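# Descriptive analysis of the structure
One-letter residues, chain by chain:
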Amino acid sequence: AQAGAQGLLEENRKLKAERAAGRVVLELDPKRVRFGPIANRDERSLSTKDEAFAELKADLSANGQEFPIKVRSVEGDPQHDYEVVAGHRRLKAALELDREKDGGFTVLALLDEQTAELKSIALKMFRENKVRKDLTPYEYGRMFQKWIDAGVFRTQNEIAAATKLSQPTVSVYTAVFQLPREIHQAFGDPGQISLRWVHELGKALKTREAETLKRAKEIARMNPRPTADAVYEMLIAPGDADGGQAAQRRG
């Protein structure tokens, strides 16, 4: 009996040590896990219309979850016990499967209590996606702007220093996200906008903004929609008296 009690004490000590180190794997109701204020995923990549997301969801349904998401505990939220640190697509897929499957669907999560600071959470998310090369320029720009809006970092220079990216790189990512809504809609999915297009798009907006935005609206109404490269060429083409019609002829 004494040996059994000693074993339980040792197991409890080990569990506490793992919890402190952020290595406890929990099986959670995905509805009790919330998205954080600096989530870096564009809604399009969290939809079954996105091929990669659809494949992830199908794999989770068929084979279960191999890699846990990372969460931190939260207080003062009656609807949620945890907040996701990394693994937003896996959580979204689990939420959809929870609605669709009889008996629901649980999500495996690593409890990471060492991420109380938003800055730590933000950099964890950045490192995970950088390793996987998983975000589009638009999503990186959206993420960096959210960091600034949430007060995680004050400037693009601070983001550059923390992520070890150059300041111009951070700036051009953010510029993709900050392009006018009409430009994003012209591409359909702003994730298709290349970093190397930002300079010329910015120049077109600066020198002939009204015409460029009008042309973008016309492109957005085209069916079928031109390829991303064709959209870019239409938007930066020299202005003319019937810019929109000329752009459509070039498509």
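Scroll up to find the structure this text is about.
What comes next concerns the included structure.

About the criteria used
- Residues numbered from 1 in each chain as written.
- Predicted model: local features only at pLDDT ≥ 70, side-chain atom pairs only at ≥ 80, totals over all residues.
- Heavy atoms only, no water.
- Patch = residues over 30% accessible without salt bridge, like charges linked within 9 Å, V, L, I, M, F, W, Y side chains within 5 Å.
- Areas by Shrake-Rupley, 256 points an atom, 1.4 Å probe, with all protein chains shown as cover.
- Salt bridge = Lys/Arg side-chain N within 4 Å of Asp/Glu carboxyl O.
- Lys, Arg positive; Asp, Glu negative; His and termini not counted.
- Charge placed at Lys NZ, Arg CZ, Asp CG, Glu CD.
- Helix = DSSP H or I, 4+ residues; strand = E, 2+ residues; numbered from the N terminus.
- Buried < 20%, exposed > 50% of the residue type's maximum accessible area, 1.4 Å probe, protein only.
- Core = buried A, V, L, I, M, F, W, Y, C linked by side-chain atoms within 4.5 Å.
- Contact = heavy atoms within 4.5 Å.
- Expected span 1.5 Å × (residues − 1).

### Looking at a positive patch on the surface
Taken together, K70, R127, K130 and K164 make up a surface patch of like positive charges. As for its placement among the helices and strands, K130 is situated in helix α4 (residues 118-132). By relative accessible area, which is 42% here, K130 ends up partly exposed.

### Considering the nonpolar core
Core analysis: the largest hydrophobic core is formed by 21 residues, its most contacted members being I183, F187, I193, W197, L201, I219 and L235. At the level of elements, α8 (181-187), α9 (198-220) and α10 (228-236) are the ones that each hand at least two residues to this core. Among all residues touching F187, those that are not within four sequence positions of it are Q192, I193, W197, R225, A228, V231, Y232 and L235. Core analysis: the second largest hydrophobic core is formed by 18 residues, V33, F53, I69 and L95 among them.

### Regarding unusual backbone geometry
Of note, the amide linkage connecting N223 to P224 takes the cis form, showing an omega dihedral of 5°. Considering the arrangement of structural elements, one finds P224 in the loop between α9 and α10.

### As for helix α7 (residues 167-178)
Along an α-helix, residues three or four positions apart point the same way, because every turn accommodates 3.6 residues. Over its twelve residues, α7 runs 16 Å from end to end, which matches the ideal 16 Å to within 8%, given 1.5 Å per residue. Buried positions along α7 lie against α5 (137-149), α6 (156-163), α8 and α9.

### Concerning the pattern of salt bridges
Evaluation of the coordinates by the stated rule reveals 13 salt bridges. Between E96 and K92 there is a salt bridge, and its shortest N-O distance comes to 3.9 Å. A residue pair is termed a helical-turn pair when its members lie 3 or 4 positions apart in one helix, as E96 and K92 do in helix α3 (residues 88-100) at four residues. Residue class for K92 comes out buried when judged on its relative accessible area of 18%.

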